[in-house]
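Analysis of the macromolecular model
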Amino acid sequence: MVLTLIRAIQNWRKSPSPMYVVLVKHNISYYTCGFLFSVVNIFTSLLLQYSYNSMFHDLQIVILAILVTRMHRHLWQMSMNQHAHSSGFVRIPMSDMSSANDIA
C-alpha cells in the first residue's frame, strides 16, 4: 500500500490534472479510513465481545460508503462545472438567490 501511494504521488507531480488530484486525495482518505477500521476490527474481535466487533464493522461500511459518495459527488460537480463553462451557461448557487419574501 505504501509503494502504491509513493507511485501515485510521483505520477501526480509529473502530471497534475484536476481529475487525478481529486482521485488521489479521495483515495488516500478512503484507504486510510479502511486501514484504520480494519485494525480496529481486528483488535475488537480479539479483545471485546462480538457485538462490539459487529458495531465497528457496520460503522466501517457506512463511513466508506460516505467517502465514496463524496468522491463521486465531487467528480460530478467538476464535470458539471466543466460543461457549464464550455456551453456558456452560468450556474447560480441556491445560496445566492433571494426568496420572493425578501424582495417584497
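Since this is a predicted model, take the numbers as computed values, not measurements.

**A word on a nonpolar patch on the surface**
A cluster of nonpolar side chains, contributed by Ile42, Phe43, Leu46, Leu47, Leu48, Tyr52 and Met55, occupies part of the molecular surface with about 780 Å² of accessible area. Elements represented by at least two residues in the nonpolar patch include exactly α2 (18–47) and α3 (50–87). Among the elements that take part in the nonpolar patch, α2 stands out by supplying four residues, more than any other. Within the secondary structure layout, Leu47 lies in helix α2. For Leu47, a relative accessible area of 65% translates into the label exposed.

**Structural notes on the environment of Ser79**
Here Ser79 lies in helix α3. The sequence separation of Ser79 and Met19 amounts to 60 residues, and the corresponding C-alpha distance is 9.5 Å.

**A short note on α2**
Its 30 residues place the ends of α2 44 Å apart at the C-alpha level, agreeing with the 44 Å of an ideal helix rising 1.5 Å per residue. Those residues of α2 that fall on the buried side of the exposure criterion are Val21, Val22, Val24, His26, Gly34, Phe37, Asn41 and Thr44.

**Looking at the packing of aromatic side chains**
Taken as a whole, this structure holds one aromatic pair when the rule is applied. Plain terms: the ring middles of Tyr30 and Tyr31 are 5.7 Å apart, the flat faces sit at 80° to each other, and that makes the pair edge-to-face. Among the residues examined, Tyr30 registers a relative accessible area of 26% and is labelled partly exposed.

**Quick notes on the confidence of the model for the protein**
In low-pLDDT segments, the atomic positions of the prediction should not be examined closely. Within the protein, residue pLDDT values average 75, and 76% of them lie at 70 or more. Within the protein, helix α4 (residues 100–103) has the poorest average pLDDT of any element, 58, and α2 the best, 82.

**Points about the side chain of Thr44**
Counting through the fold element by element, Thr44 comes out in helix α2. Every residue in contact with Thr44, bar those within four places of it in the chain, is listed here: Gln49, Asn53 and Phe56.

**Regarding the side chain of Asn41**
Relative to the elements of secondary structure, Asn41 occurs in helix α2. Residue classification places Asn41 among the buried positions, given a relative accessible area of 9%. Asn41 has contacts with Asn53, Phe56, His57 and Gln60, leaving out every residue within four places of it along the chain.

The rules behind each value
- Residues numbered from 1 in each chain as written.
- Predicted model: local features only at pLDDT ≥ 70, side-chain atom pairs only at ≥ 80, totals over all residues.
- Heavy atoms only, no water.
- Patch = residues over 30% accessible without salt bridge, like charges linked within 9 Å, V, L, I, M, F, W, Y side chains within 5 Å.
- Areas by Shrake-Rupley, 256 points an atom, 1.4 Å probe, with all protein chains shown as cover.
- Salt bridge = Lys/Arg side-chain N within 4 Å of Asp/Glu carboxyl O.
- Helix = DSSP H or I, 4+ residues; strand = E, 2+ residues; numbered from the N terminus.
- Buried < 20%, exposed > 50% of the residue type's maximum accessible area, 1.4 Å probe, protein only.
- Expected span 1.5 Å × (residues − 1).
- Phe/Tyr/Trp six-rings, centres within 6.5 Å; stacked < 30°, edge-to-face > 60°.
- pLDDT = per-residue confidence, 0-100.
- Contact = heavy atoms within 4.5 Å.

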